[in-house]
Amino acid sequence: MIRHFVSTGFVVHDGAVLLHWHRKVRAWLPPGGHVEPDEDPVQTTLREVREETGVEVRVVPHQRRLPIGNLDQVDAPFAIMIEDVFDEKHGAHQHIDFIYFTVPLAAPGTPPEGWLWVSGADLERGTPFPAPNGTLEPPPEDVVKLGLAAIQAASSKRRGR
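On a predicted model such as this, the values are computed, not experimentally measured, just so you know.

A. Local environment of the overall build of the chain. Counting its regular elements, the chain contains 3 helices and 10 strands. Helices and strands in the chain line up, N terminus first, as β-β-β-β-α-β-β-β-β-α-β-β-α. A compact globule built from 161 residues would reach a C-alpha radius of gyration of about 15 Å, and the chain, at 16 Å, matches this within 12%. Seen through its principal axes, the chain has C-alpha atoms that stretch 55 × 40 × 25 Å. When burial is assessed residue by residue, the chain has 43% of its 161 residues classed as buried. Counting only contacts in the chain whose residues sit at least 6 apart along the sequence, the fraction spanning at least 24 positions is 62%.

B. Expanded view of the side chain of Thr45. Within the secondary structure, Thr45 is located in helix H1 (residues 41–53). Thr45 sits in the buried class, given a relative accessible area of 1%.

C. Structural context of unusual backbone geometry. Positive phi, normally seen in glycine, also occurs at Asp14, with a value near 50 degrees. The phi torsion at Arg26 lies on the positive side, around 60 degrees, for a residue other than glycine. Position of Arg26 relative to the elements: it lies in the loop between strand E2 (16–22) and strand E3 (27–29).

D. Geometry of a nonpolar patch on the surface. Taken together, the side chains of Leu66, Ile68 and Leu71 present a nonpolar region at the surface, about 310 Å² in accessible area. Relative to the helices and strands, Leu71 is located in the loop between strand E5 (57–59) and strand E6 (79–87). Given a relative accessible area of 58%, Leu71 falls into the exposed group.

E. Molecular detail of the side chain of Glu48. Tracing the backbone shows Glu48 in helix H1. Leaving out residues up to four positions away in the same chain, Glu48 has contacts with Pro31, Gly32, Gly33 and His34.

F. View of the pairing of E2. Buried residues dominate E2, accounting for 6 of its 7 residues. Two strands pair when backbone bridges link them, and strand E1 (residues 3–13) and E2 are joined in this way by 2 bridges, in the antiparallel orientation. Bridging across to E2, His13 finds its partner in Ala16. Here E1 folds back onto E2, and the loop between the two strands holds 2 residues, one of which, Asp14, carries a positive phi near 50 degrees. Between E2 and E3, which pair antiparallel one after the other, the connecting turn spans 4 residues, and Arg26 there sits at a positive phi close to 60 degrees.

About the criteria used
Residues numbered from 1 in each chain as written. Predicted model: local features only at pLDDT ≥ 70, side-chain atom pairs only at ≥ 80, totals over all residues. Heavy atoms only, no water. Helix = DSSP H or I, 4+ residues; strand = E, 2+ residues; numbered from the N terminus. Rg over C-alpha atoms; globule rule 2.2 N^0.38 Å. Buried < 20%, exposed > 50% of the residue type's maximum accessible area, 1.4 Å probe, protein only. Contact = heavy atoms within 4.5 Å. Patch = residues over 30% accessible without salt bridge, like charges linked within 9 Å, V, L, I, M, F, W, Y side chains within 5 Å. Areas by Shrake-Rupley, 256 points an atom, 1.4 Å probe, with all protein chains shown as cover. Salt bridge = Lys/Arg side-chain N within 4 Å of Asp/Glu carboxyl O. Pairing = 2+ DSSP bridges.

Written as structure tokens, this is what we have:
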């Protein structure tokens, strides 16, 4: 099976994560996309968040880097997910998805059209949100659990833990 490397950035601000309705997947998802040949997964995450939302972010590291001076290091993702995907261009394939948690470098303001801030409470309740087709859809399980973990990680780092 064909596999593509992708990166996802859960953007956390004021106890909420930024999600949009993904037309192909038909689900509420955070920003993300394919790792380009000249990028590492962190660079992809930062680029995709900026391109899709207009928000400049930084990664929230979840582990300390080793003191290695002879090589560059990239922040490790919080998780790596394998997702089954189907589209007309590639058919059935998989995404190997590097999941990062991020926070804005400055107050993000109003989200772009099609994006919404989803609170931790709404994630916990499984609140459905209006999709473009007129239905109400809750975010999928992985987005809920990773979104809650992202909110927790961002608030812990802010408190200095």
